[in-house]
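Here are the chains, one letter per residue:
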Amino acid sequence: MNDTTNPLATVYTSRDTLNQAIAYLVFNRPEVFNAMNEQLIREFREVAFSLASATDIRVLVLKGTGKAFLAGGDVGMFHAKKDDPTLEATVIPMGDYMHDAIVAIRNMPFPVVAQIQGACAGAGVSVALACDFVVVSDKATFNTAYTKIGLSPDGGATWVLPRLLGMRKATELIMLAETIDAPAALSLGMVTKVVPAAQLDEEVLTLANRLANGATVAYANAKRLLNESFETPLRRQMDNEIARFADCTKTGDFKEGVTAFVEKRAAKFIGK
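One structure accompanies this document, and this report is about it. (Residues numbered from 1 in each chain as written. Predicted model: local features only at pLDDT ≥ 70, side-chain atom pairs only at ≥ 80, totals over all residues. Heavy atoms only, no water.)

### Notes on helix 9 (residues 216–229)
- Between its first and last C-alpha atoms helix 9 spans 20 Å; for 14 residues at 1.5 Å apiece the expected length is 20 Å, and the two agree.
- By the burial criterion, the buried members of helix 9 are Thr216, Ala220, Asn221, Lys223 and Leu225.
- In this structure, the buried side of helix 9 is in contact with strand 4 (57–64), helix 3 (87–107), strand 6 (112–116), helix 10 (234–248) and helix 11 (252–262). (Helix = DSSP H or I, 4+ residues; strand = E, 2+ residues; numbered from the N terminus. Expected span 1.5 Å × (residues − 1). Buried < 20%, exposed > 50% of the residue type's maximum accessible area, 1.4 Å probe, protein only. Contact = heavy atoms within 4.5 Å.)

### Some remarks on the packing of helix 1 (residues 38–52) against helix 3
- Between helix 1 and helix 3, the least distance of the axes is 8 Å, while the angle of their chain directions is 30°. When the axis of helix 1 is compared with that of helix 3, the two are roughly parallel. The crossing of helix 1 and helix 3 is left-handed. Residues Glu38, Ile41, Arg42, Phe44, Arg45, Ala48 and Phe49 of helix 1 touch helix 3, and the partners they reach there are Met94, Tyr97, Met98, Asp100, Ala101, Ala104 and Ile105.
- Considered class by class, the residues forming the contact of helix 1 with helix 3 number 10 nonpolar, no polar and 4 charged. (Axes fitted to C-alpha atoms, helices over the stretch in contact; angles between N-to-C directions. Parallel < 35°, antiparallel > 145°, perpendicular 65-115°, else oblique. Left-handed = near helix turned anticlockwise from the far one by under 90°. Nonpolar A, V, L, I, M, F, W, Y, C, P; charged D, E, K, R; others polar.)

### Focus on the nonpolar core
- Of all hydrophobic cores here, the largest spans 54 residues; its most connected members are Leu60, Leu62, Phe69 and Ile116.
- Non-local contacts of Leu62, meaning those with residues more than four positions away in its chain, are made with Leu25, Phe27, Phe69, Ile105, Val112, Val113, Ala114, Gln115, Val127 and Cys131.
- Residues Ile22, Tyr24, Val113 and Val204 belong to the second largest nonpolar core, which totals 14 residues. (Core = buried A, V, L, I, M, F, W, Y, C linked by side-chain atoms within 4.5 Å.)

### Comments concerning a nonpolar patch on the surface
- A cluster of nonpolar residues, Val75, Ile149 and Leu151, forms a patch on the protein surface that exposes about 240 Å² of accessible area.
- If you trace the backbone, Ile149 turns up in the loop between strand 9 (141–143) and helix 5 (157–165).
- For Ile149, a relative accessible area of 44% gives the class partly exposed. (Patch = residues over 30% accessible without salt bridge, like charges linked within 9 Å, V, L, I, M, F, W, Y side chains within 5 Å. Areas by Shrake-Rupley, 256 points an atom, 1.4 Å probe, with all protein chains shown as cover. Salt bridge = Lys/Arg side-chain N within 4 Å of Asp/Glu carboxyl O.)

### Regarding the environment of Val32
- Relative to the helices and strands, Val32 is located in the loop between strand 3 (21–27) and helix 1.
- Remark: the alpha-carbon pair of Val32 and Lys67, spanning 35 residues in sequence, is separated by 9.6 Å.

### Concerning unusual backbone geometry
- Positioned with a positive phi, Ala145 is a non-glycine residue whose angle comes to about 70°.
- In the Ramachandran plot, Ala177 falls in the positive-phi region, its phi being about 50° despite a non-glycine side chain.
- Its place among the elements puts Ala177 in the loop between helix 6 (167–176) and strand 10 (180–181).

### A short note on the sheet that holds strand 10
- Read from one edge of the open sheet, 4 strands run 5-7-9-10, paired in mixed fashion. Each of the sheet's edge strands pairs with one partner strand only, and the pair in question is strand 5 (68–70) and strand 10.
- The pairing of strand 9 with strand 10 spans 2 bridges and is classified as antiparallel. Of the residues in strand 10, the one forming a bridge with Phe142 is Ile180.
- Against the sheet, helix 4 (residues 123–130) touches strand 5, strand 7 (119–121) and strand 9, its axis set at about 95° to strand 7. (Pairing = 2+ DSSP bridges.)

### A short note on the side chain of Arg58
- Along the polypeptide, Arg58 turns up in strand 4.
- Despite being buried, Arg58 has no salt bridge partner; Asp253 is the closest side chain of opposite charge, sitting 4.8 Å away.
- For Arg58, the side chain forms a polar contact with the main-chain oxygen of Ile270, separated by 3.3 Å. (Lys, Arg positive; Asp, Glu negative; His and termini not counted. Polar contact = N/O pair within 3.5 Å; in protein donor to acceptor, adjacent residues only side chain to side chain.)

What follows is the structure, encoded as structure tokens:
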């Protein structure tokens, strides 16, 4: 295992039984439920950019230390600066850094899994929504939270939630800012799977191992197509699909996949 530690964003990689690299990005401010201050946001951006350009990673898992995944922005910081006339100018670059990180997560050329054991609020919801899979414990809770302190959302929440839930439900979650539990989040389609808290680590590792041994280039092309789909007319989307399809035929994983299918055995993908 290789460790690279930042004060508030810890990154490490491990390898599964077939030696495929799984990276973990861990938010590390447990004393304030991983609330995002300027330092954490900057480190999140730096780490996300670094991971996005890595050539050996097959899967990324995002998780938080302590009782929470991410409790959104640091309200204590906002309170301390509530009368500061420079606050408006301060939050804009912070938001830009966070948005850079979220876009990097969304565009990473490998699957990203959010592991949520407890509270997920504010910008934490936005980060979770940017991931490809969201696996949560039965103790997890979600709250957009922004309007409770007189703010409108950031982090892409107003872009993702209407597409995921429809305008009516997205409006309800954002404006009323009521807490929803894990089963409700599952029924709405916000999360992938709910598991008992004691099984969360095991379930996430099982999923990560499965993805790490999948066809990474095919995943990357599928993710790119899904990202583009809401903004692309049907004919152009289909043109893009066949271009990405053709791109996959140049990979060793394609050759292995079709050979394994014909030979009636499990494919052994290497991610390229």
